[in-house]
Amino acid sequence: MNVDELVRDALRDQAEGQPPAAPGFADRVLAVRRRRRSRRLASAAAAVAAVVAVAVAVPMLDSGKQDVRPSGGVEQTSVTARPDQSPPRDLIAAGRVALAAHFTRSIVEQSADRAVSKRTYWLLNPKTNKYVKDDRWSYVAVAPRMTTAAVLERDLPVPRIGLLDLASGQVKRWIPVDRPVAGVEFSTDGRKLVATTYSKNPDRRVKIDGSEGWDVPFMESDRTGFHVIDVASGSSSWAGVEIGGGAHNPDAFINSRQDFAFTRDGRLVWSGMPTEPGEKFYDFTGKEVPAPALERYRDWSVDAGVSPDGQLVAGPFAGQKWKTSSFVLDARTGKQREVRGQQLLAWADGNSLVAWDIGPDGNEYHQRLVLVSIGGEKTTPLSDFRSPKDNTKGRWEPVFAER
């Protein structure tokens, strides 16, 4: 699903803060989450030159591509790596997924005590296989096969969704909505969109007395529900969803931005929350329903989610067998296995994932994209390291899509 900065990092640490938040609370939540994920430092990885194919098993060089045979398996994962690029300028891909876009964030002040977090995107042009800056959009979701993206204009929430042709950079069609939206995601087959509706901008930031920086509003959200949209026709239906946990959990809350996404089979939508139960699932009328059998172990803070075959679920930071590692769970039993990688981002195939991982300096913010395999002992670098500092030009975030 869309994964905004809080969706990626805030986790359930916020649930501990039931009293009013102290100044700088959001910054501390983000820092704590990152520390928990990267508490112990990664093994030193070999340096790789330019666009070189580096294989976990036997390397096969081919114009920036490499074949990786996961340990203990027969499936090969084709990889296009850019271990000398951060942010990436040229295509990065692994198996069935590719880095479809990346973005940076900046704070735009609107008044003495109000600001918004602004995203600036670099989108993959499918003809040139290069990432091209496009600062027109506040939010971008890339469809499977990576020829089209759903885009939202600035000044969220907005009354329409654009379908952008990634090769030409032109909007092919606008889909109007009767309730303004601020987040959008495609279904796995690309035929549907779920657009999260808000009454105010979920990326707003505020100044809290005594704080030196800008904070995310704590326990405050203006989310109203979601549209389910048929991409071909543009027809849609809207469902209102109550904020929080309802009568069964009146103290539950959601983040300022807490977008909806489709389940792997596209039959339901779901949303995370930083308090129990952690995730909620809904039918297209907005009625809450039990978690699907193969998604009950999903962790809302982990972007990779359910594997392509539905057999596994990407889990949180582990750090047991290796200094930086994560859990992968059996979707039916919840049994855990440990894989390399600080933070699991996307499934390359049924046996390997793209992840963030830290370098030999142990800095929790100094990360690069790597390919990890279940049962494998090594990682394959996919990008160079991003900046170890927050809110800098080099602090980019990935957007993945299936090819």
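In the nomenclature of an unreviewed UniProt entry, the protein is known as WD40 repeat domain-containing protein of Streptomyces africanus.

1. Some words on the overall build of the protein
Scanning the protein for helices and strands turns up 2 helices and 26 strands. Burial status across the protein gives 58% buried among its 403 residues. Taking as baseline every contact in the protein between residues at least 6 positions apart, the subset at least 24 positions apart corresponds to 52%. Of the roughly 16,800 Å² that the protein leaves accessible, carbon and sulfur atoms contribute 49%.

2. Digging into the pattern of salt bridges
Inspection of the entire model under this criterion finds 15 salt bridges. The partner of Asp134 in a salt bridge is Arg136, with the nearest N and O atoms 2.7 Å apart. On the basis of relative accessible area, Asp134 is assigned to the buried category, the value being 11%. Residue classification places Arg136 among the partly exposed residues on the basis of a relative accessible area of 36%. Its salt-bridge partner being Asp222, residue Arg204 comes within 2.9 Å of it at the nearest N-O pair.

3. Points about the nonpolar core
With 55 residues, the main nonpolar core has Val140, Val142, Leu152, Ile161, Val184, Leu193 and Leu382 as its most contacted residues. Other than its neighbours up to four places away in sequence, Leu193 contacts Ala150, Ile161, Leu163, Val184, Glu185, Phe186, His227, Val228, Ile229, Val231 and Phe262. Of all hydrophobic cores here, the second largest spans 13 residues; its members include Leu344, Val370, Val372 and Ile374.

4. Some words on the sheet that holds strand β14 (residues 236-240)
Strand pairs in the sheet, formed through backbone hydrogen bonds, run parallel or antiparallel to each other. Spatial ordering of the open sheet is given by β7-β8-β9-β10-β11-β13-β14, a layout of 7 strands whose pairing is antiparallel. The sheet is open, and its two edges are formed by β7 (139-142) and β14, each paired on a single side. Geometrically, the sheet is characterised by an average inter-axis angle of 30 degrees between neighbouring strands, direction not taken into account. Pairing between β7 and strand β8 (residues 148-152): 4 bridges, direction antiparallel. Counterpart to Tyr139 in the pairing with β8 is Leu152.

5. Describing the pairing of strand β26 (residues 397-402)
For a regular strand, the rule is simple: side chains alternate between the two faces of the sheet. Of all 6 residues that make up β26, 5 are buried, and the element is covered over most of its length. Across 6 bridges, the pairing between strand β4 (residues 97-109) and β26 is antiparallel. Bridge pairing in β26 links Val97 to Glu402.

6. What about unusual backbone geometry?
Negative phi is the rule for most residues except glycine; trans is the rule for most peptide bonds. Backbone torsion omega between Ser86 and Pro87 reads -5 degrees, so that peptide bond is classified as cis. In this structure, Pro87 sits in the loop between β2 (77-80) and β3 (93-94). Of note, the bond from Leu156 into Pro157 is cis; its omega dihedral lies within 30 degrees of zero at -5 degrees. As for its position among the elements, Pro157 is in the loop between β8 and β9 (158-165).

7. Concerning the packing of aromatic side chains
Going through the model one piece at a time under the given rule, you end up with 7 aromatic pairs. Through a chain of ring-to-ring contacts, three or more aromatic side chains come together here, namely Phe226, Phe260 and Tyr282. Stacked on the ring of Trp174, the Lys or Arg Arg160 has its end atom at 3.6 Å from the ring centre. One cation-aromatic arrangement involves Arg179 over Trp238; the distance from NZ or CZ to the ring centre is 3.8 Å.

8. Here's the deal with the environment of Arg204
Residue position: Arg204 is located in strand β12 (residues 204-206). Arg204 sits 97 residues away from Ile107 along the chain, and the two C-alpha atoms are 9.3 Å apart. Ignoring sequence-local partners within four residues, the contact set of Arg204 consists of Ala115, Val116, Pro217, Glu220, Ser221, Asp222 and Ser256. There is a polar contact of 2.9 Å between the side chain of Arg204 and the side chain of Asp222.

Procedures and definitions
- Residues numbered from 1 in each chain as written.
- Predicted model: local features only at pLDDT ≥ 70, side-chain atom pairs only at ≥ 80, totals over all residues.
- Heavy atoms only, no water.
- Helix = DSSP H or I, 4+ residues; strand = E, 2+ residues; numbered from the N terminus.
- Buried < 20%, exposed > 50% of the residue type's maximum accessible area, 1.4 Å probe, protein only.
- Contact = heavy atoms within 4.5 Å.
- Areas by Shrake-Rupley, 256 points an atom, 1.4 Å probe, with all protein chains shown as cover.
- Salt bridge = Lys/Arg side-chain N within 4 Å of Asp/Glu carboxyl O.
- Core = buried A, V, L, I, M, F, W, Y, C linked by side-chain atoms within 4.5 Å.
- Pairing = 2+ DSSP bridges.
- Axes fitted to C-alpha atoms, helices over the stretch in contact; angles between N-to-C directions.
- Phe/Tyr/Trp six-rings, centres within 6.5 Å; stacked < 30°, edge-to-face > 60°.
- Lys NZ or Arg CZ within 6 Å of the ring centre and 35° of its normal.
- Polar contact = N/O pair within 3.5 Å; in protein donor to acceptor, adjacent residues only side chain to side chain.

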